[in-house]
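Observations on the three-dimensional arrangement
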Amino acid sequence: MTVRIIENAHVATVSGDEYPGGHIVVDGDRITAVGAGPAPAAASAGDAGDVERIDGTGCLATPGLVNSHHHLYQWASQGLATGSTLFEWLTALYKPWSKMDAEVVAGAATAGLGWLAKSGCTTSTDHHYLFPKGRGDLFAAEIEAAAELGLRFHPCRGSMDRGRSKGGLPPDEAVEDLDTILAETAAAIDRYHDPSPGSMLRVAVAPCSPFSVTRDLLVTSAELARDKGVRLHTHLAETLDEEEHTRRQFGMTPAEYMDSIGWLGPDVWLAHCVHLHDTDVKRLAETRTGTAHCPSSNARLGSGIARVSHLLEAGAAVGMGVDGPASAELVPLAGEIRQAIYMQRARYGPGALTARQALEIATLGGARCLGREDEIGSLEPGKLADIALWRVDGFHAAVDDPVVAFAFGQTPPLRRLLVGGRTVVQDDTLVTVPQDEAGRRGAAAHRRLMKLAEEVL
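Residues numbered from 1 in each chain as written. Predicted model: local features only at pLDDT ≥ 70, side-chain atom pairs only at ≥ 80, totals over all residues. Heavy atoms only, no water.

Counting secondary structure elements, the protein contains 14 helices and 17 strands. What you see for the protein is a C-alpha radius of gyration of 21 Å, in line with the 23 Å of a compact globule of 457 residues. With respect to the principal axes defined by its C-alpha atoms, the protein has extents near 70 × 45 × 40 Å. Considering the protein as a whole, with its 457 residues, one finds that 61% of them fall into the buried category. (Helix = DSSP H or I, 4+ residues; strand = E, 2+ residues; numbered from the N terminus. Rg over C-alpha atoms; globule rule 2.2 N^0.38 Å. Buried < 20%, exposed > 50% of the residue type's maximum accessible area, 1.4 Å probe, protein only.)

Dropping the structure here:
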C-alpha cells in the first residue's frame with residue numbers, strides 16, 4: 001500500500017487542535033498520524049516507490065466535505081422555473097422528471113458527483129424518489145456513477161405514493177404503490193448496502209415528504225429500515241406551505257406529525273427544517289435527529305432561513321447539503337459554508353455562526369447525520385483518509401487565518417482530494433473521470449431529458 005505524507009499545511013482537524021505547518025500521514029485508506037511540524041521519520045520507512053510526499057505549503061488541510069442532502073438527477077433540469085416557490089417549482093418539474101430514464105440519471109449523476117468532488121466533497125448522499133416505470137434501473141445508474149468517480153456514496157431509496165387523487169402534490173403518474181415501494185426498497189438494501197468498516201456504499205430509506213407520501217408508507221418504511229439496520233431520511237418543514245398543508249391534513253406541525261409516527265431518532269436525518277418552532281428544535285435535539293442544512297436552495301426558492309444556530313445551541317446534529325442542482329444551480333458544496341455563515345448572521349447577527357462552526361457542519365456534522373462520525377468528518381489517526389487540501393496562498397493569503405480565508409471567501413482551488421487515500425481531484429482537476437467528459441455527460445443528460453419531456457409538455 002502507498003504511504004502519502006502531507007507536510008507544511010495548516011491542518012484543521014475539526015475535532016480538536018489545528019496545526020500550522022503540520023503533517024498528515026496516510027497509509028492505504030487510513031490516517032495514521034496527524035500533528036505539528038514534519039512527519040515522523042518512521043512514516044517514510046519502506047521502499048521509496050511506496051511513499052508519496054505532498055508539499056502542503058500555502059494549503060489548508062480539512063476533512064473531506066460531507067454532502068448530507070442531494071438530488072443528482074436534477075442536474076438534467078437546471079435553470080427551469082426560476083421564479084417559483086417550492087410547490088410551484090415542483091408542480092412545473094414533476095412531469096418532465098416523470099420521463100427520465102437510466103441514461104439521464106447516469107449522465108446527471110456523473111456530472112453532479114464530479115462537481116461535488118471539485119468542491120471538496122468526499123462523501124455524498126443522494127435522495128432519489130422518482131422511479132418511472134419502464135425507464136431502466138435508475139438507482140443502479142447513480143451507484144455506478146459514484147463508483148466510477150470514486151466518491152463515498154450514501155444513496156437513499158426514495159418514494160412517493162400519494163398523488164393528487166389522494167390529496168398529495170405530485171401527479172398520479174409520478175408515484176408508486178406501497179407494495180412496490182417496499183419490495184424495491186428492500187431489494188436495493190439487500191443488493192447494495194455495505195455496513196462494513198470503510199464502506200464506500202450504504203443505502204438509506206427515504207420517503208419523499210409528508211405532502212407526497214401516505215402515513216402508511218412512512219410507518220412501514222421506518223419499520224423496514226429498522227429491521228434492515230439502515231438509516232431514515234426525508235424532507236421536512238421546508239416551507240410555510242408545507243406547514244399549512246400538514247396542519248390542515250393532520251392537525252400538527254410537520255415535526256410533530258413525524259414524531260407522532262416514530263420518525264424522530266438517532267437513525268434519522270431530515271432535509272431543510274427551515275420552519276421549526278421552539279418545541280421542534282428542542283425535540284430534534286432530545287431525539288438526536290439530524291438536520292441537513294441547504295442554504296442556497298432555501299434562498300433560491302424563497303423558502304426561508306433555517307434555525308441552524310438554535311439547533312446547534314440545543315445540541316442537535318446539523319450537516320450541510322447542496323440539495324438538487326435544479327434548485328441550487330452549480331452551487332459548490334464548499335460554497336455552502338460561506339452561504340450558511342452569511343445567512344445565519346443576516347438573520348441572527350454577526351455572532352450567529354463562526355467559520356469553524358460552519359466547517360464542522362460541512363464535515364463532522366454531516367458524518368453525524370449519516371452515522372459515520374467514527375470514520376469520517378475529522379482528521380484523526382484511525383479515521384478514513386478522506387482529505388481535502390485547499391490552496392489558500394495567492395489572493396487568499398491576504399487573510400492571516402486560513403480557515404477564515406477558506407470559509408469567508410470564494411472557494412479556493414483544490415490542491416488534492418483524497419477519498420480513502422485515493423486521489424480523485426488533483427490541482428483542481430477531476431482525475432478519476434476526465435473532467436470535460438463528466439461535464440459533457442451532464443449536458444447530454446439535460447438535452448435527453450428535455451427531449452423526453454416533450455412527450456408531456
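The next thing to look at is empty space enclosed by the protein. A complete count under the given rule lists 2 cavities of 30 Å³ or more for this structure. Estimated volume of the largest cavity: approximately 130 Å³. Ranked by residues supplied to the lining of the largest cavity, first place goes to helix 1 (residues 86-97) with 4 residues. Of the residues that constitute the lining of the largest cavity, the class distribution is 8 nonpolar, 7 polar and 2 charged. Each pocket or cavity is described by its volume, and for the second largest cavity that value is around 50 Å³. Every residue along the wall of the second largest cavity is listed here: His70, Trp75, Gly112, Trp115, Val322, Pro325, Ala328, Leu330 and Val331. (1 Å grid on protein atoms, 1.4 Å probe; cavity = no way out; pocket = protein on both sides within 12 Å on 5 of 7 lines; lining within 4 Å. Points joined across faces, edges and corners; volume = space filled by probe spheres on them. Nonpolar A, V, L, I, M, F, W, Y, C, P; charged D, E, K, R; others polar.)

Moving on, we get to the packing of aromatic side chains. In the structure shown here, the tally under the stated rule is 10 aromatic pairs. An angle of 85° between the planes, with centres 6.1 Å apart, marks the rings of Tyr94 and Trp97 as edge-to-face. Taken together, the residues Tyr94 and Trp97, both in helix 1 and 3 residues apart, mark about one turn of the helix. Trp97 carries the same exposure label as Tyr94, and that label is buried. Each residue in the set Tyr73, Trp89, Tyr94, Trp97 and Tyr129 is aromatic and connected to the rest through ring pairs, giving one cluster. Cation over ring: Arg157 sits above Phe131, and NZ or CZ is 3.7 Å from the ring centre. (Phe/Tyr/Trp six-rings, centres within 6.5 Å; stacked < 30°, edge-to-face > 60°. Lys NZ or Arg CZ within 6 Å of the ring centre and 35° of its normal.)

The terminal C-alpha atoms of helix 2 (residues 102-118) lie 24 Å apart, and with 17 residues this matches the ideal 24 Å at 1.5 Å per residue to within 8%. Taken together, the buried positions of helix 2 are occupied by Val104, Val105, Gly107, Ala108, Ala109, Thr110, Ala111, Gly112, Leu113, Gly114, Leu116 and Ala117. (Expected span 1.5 Å × (residues − 1).)

Before going further, it helps to spend a moment on the side chain of His23. With respect to the secondary-structure elements, His23 resides in strand 2 (residues 18-27). Using a relative accessible area of 5% as the deciding quantity, one classes His23 as buried. A polar contact is formed between the side chain of His23 and the backbone oxygen of Ala36, at a distance of 3.3 Å. (Polar contact = N/O pair within 3.5 Å; in protein donor to acceptor, adjacent residues only side chain to side chain.)

Here Ser119 lies in the loop between helix 2 and strand 7 (121-128). Beyond its immediate chain neighbours, meaning those up to four positions away, Ser119 contacts Leu65, Pro332, Leu333, Ala334 and Trp390. (Contact = heavy atoms within 4.5 Å.)

Most of strand 15 (residues 414-419) sits out of view: 5 of its 6 residues are buried. Here strand 15 pairs with strand 16 (residues 422-426) via 4 bridges, running antiparallel. Bridging across to strand 16, Leu418 finds its partner in Thr423. The turn joining strand 15 and strand 16, which pair antiparallel and follow one another in sequence, is formed by 2 residues; a positive phi near 60° is taken by Gly420. (Pairing = 2+ DSSP bridges.)

Let us look at the pattern of salt bridges. Under the definition given, this model contains 29 salt bridges. When the shortest N-O distance is used, the salt bridge between Arg191 and Asp137 registers 3.5 Å. One end of the pair, Arg191, is in helix 4 (residues 178-192); the other, Asp137, is in the loop between strand 7 and helix 3 (138-149), with 54 residues separating them in the sequence. We classify Arg191 as exposed; its relative accessible area is 58%. (Salt bridge = Lys/Arg side-chain N within 4 Å of Asp/Glu carboxyl O.)

We now examine the packing of helix 2 against helix 3. One can describe the packing of helix 2 onto helix 3 by two numbers: an axis separation of 8 Å at closest approach and a directional angle of 35°. As helix 2 packs across helix 3, the resulting crossing turns out to be right-handed. For the pair helix 2 and helix 3, contact is made by Ala102, Val105, Ala106, Ala109, Thr110, Leu113 and Gly114 and by Leu138, Ala141, Glu142, Ala145, Ala146 and Leu149, respectively. (Axes fitted to C-alpha atoms, helices over the stretch in contact; angles between N-to-C directions. Left-handed = near helix turned anticlockwise from the far one by under 90°.)

On to the pairing of strand 1 (residues 3-12). Counting buried positions over the 10 residues of strand 1 gives 9, a clear majority of the element. Bridge analysis of strand 1 against strand 4 (residues 51-55) gives 5 bridges, and the strand direction is parallel. Counterpart to Glu7 in the pairing with strand 4 is Asp55. The turn linking strand 1 back onto strand 2 is made up of 5 residues, and Val14 within it adopts a positive phi angle of 75°.

Next up on the list: the packing of helix 2 against helix 14 (residues 435-453). Between helix 2 and helix 14, the least distance of the axes is 7 Å, while the angle of their chain directions is 140°. Accordingly, the angle class assigned to the pair helix 2 and helix 14 is oblique. Note that helix 2 runs across helix 14; the crossing there is left-handed. Note on element contacts: helix 14 touches helix 2 through Gln435, Ala438, Arg441, Gly442, Ala445, Arg448, Leu449 and Leu452, opposite Glu103, Val104, Gly107, Ala108, Thr110, Ala111 and Lys118. Classifying every residue of the contact of helix 2 with helix 14 by side-chain character gives 7 nonpolar, 4 polar and 4 charged. (Parallel < 35°, antiparallel > 145°, perpendicular 65-115°, else oblique.)

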